[in-house]
Structure formats: C-alpha cells, structure tokens
Amino acid sequence: MNSTYNTRQKKTIEGFLKENTDKQFTYEEISDALRQMGTPVGKTTVYRCVEKLVCEGKVRKITGGTSKSAQFQYIDEGMDCNSHMHLKCLKCGEFIHLGCDFLSDVNSHIYEHHRFRVDNSRTVLYGLCEKCAE
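Residues take numbers from 1 onward in each chain, read along the sequence in its written order. A pLDDT threshold of at least 70 governs which residues receive local features in this predicted model, and a stricter bar of 80 or more applies before side-chain atom pairs are shown or counted, although totals over entire chains, interfaces and linings include all residues. As a convention, hydrogens and water are excluded, and side-chain values are obtained from all of the structure's heavy atoms.

Visitor: I keep staring at the packing of aromatic side chains and nothing clicks. Help me out?
Guide: The geometry of an aromatic ring pair is captured by the separation of the ring centres together with the interplanar angle, meaning the angle of the planes. Centres within 6.5 Å make a pair out of two Phe, Tyr or Trp rings, where for Trp the six-membered ring is used; the pair is then stacked when the planes are under 30 degrees apart, edge-to-face when over 60, and tilted otherwise. Counted according to the given criterion, the structure contains three aromatic pairs. Ring geometry for tyrosine 27 versus tyrosine 47: centroids 4.9 Å apart, planes at 55 degrees, classification tilted. Highlighted residues: tyrosine 27 in helix α2 (residues 27–36) and tyrosine 47 in helix α3 (residues 43–55), separated in sequence by 20 residues. Judged by centre distance (4.7 Å) and plane angle (45 degrees), the rings of tyrosine 27 and phenylalanine 72 are tilted. Here phenylalanine 72 lies in strand β2 (residues 71–74) and tyrosine 27 lies in helix α2, a separation of 45 residues in the sequence. This pair shows no difference in class: tyrosine 27 is buried, exactly as phenylalanine 72 is. Members of the aromatic cluster, joined through ring pairs, are Tyr27, Tyr47 and Phe72. Against the face of tyrosine 111 rests arginine 115, its NZ or CZ located 5.0 Å from the ring centre. Each ring is checked for a lysine NZ or an arginine CZ that lies within 6 Å of its centre and within 35 degrees of its normal; such an atom marks a charge sitting over the ring. Looking at arginine 117, its charged tip hangs above the ring of tyrosine 111, at a distance of 4.1 Å from the centre. Where helices and strands are cited, they refer to DSSP runs of H or I of at least four residues and of E of at least two residues respectively, numbered from the N terminus. For the exposure calls, accessible area comes from a 1.4 Å probe over protein chains only, and a residue counts as buried if that area is under 20% of its type's maximum, exposed if over 50%, partly exposed in between.

Visitor: How should I be thinking about the environment of lysine 43 in this particular structure?
Guide: Relative to the elements of secondary structure, lysine 43 occurs in helix α3. Judged by relative accessible area, which is 46%, lysine 43 ranks as partly exposed. With 15 residues separating them in the primary sequence, lysine 43 and glutamate 28 have C-alpha atoms 6.6 Å apart.

Shown next, in the form of structure tokens:
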C-alpha cells in the first residue's frame, strides 16, 4: 500500500515538472506549488522522489550560481541534453540549451589534451543573458 502511495506522489511530482520544462524549481518550490494546486506532498517525499527522477535521468539537478539550493528541471524527451551544454543567467534565471556544433570541438579538445570527458547533461555555464547584460 505504501509503495503505491509513493508511486502516485512520484507521478504527481514528475507530471508537475514535465508541465513546466522551461523552469527550474527547488524542493521547497515544488512542494509549495503542489500544495497550491491542491495536491500536497511533504518536503521529504518531494526530496526522495526528485532524487529518484534525477537518478533515472528524467530530471536535471542544477547547483551553483546565485541559488543556495539545488534546482531541478525536467529533461524534455525531445531534447538530447547529453549532447549539449547549458547556459544559466545569474540575474533572471533564464536557462538556455546550447546546441552548437562548436561545442563538440570543445569536448574533443578537452579529451585530447586533458584526457577528461565532459558530462554535457550536467554542464551549466553561468553568466548574464543578453537582456540582463544591457
């Protein structure tokens, strides 16, 4: 009975993140949003379920930048986030998928000269977007 309850909660959390693929959320923001939608899920359960979704490769964990808490974003099935890096604006929080062919050259250079393989799904470059830089 308990595992069914957790599965239902996990599906609720995954559904919420999937409906908001263009945004990132902290554990607390996910819990608050679900409560406001009338489907409350405790923070501990949110933490466990989100961590499972990260391990399954369905959700990206974003750390660093201006946020003290980790943020999470659903990985859109149409986006191959393993093949490109990402940009995050430190001011407005915009998150950009950086699908440039040039980056494969960067990855090749890093491997050939430094023997290091970059995990693009976890690579986020921080700075200011065009609007915020003005």
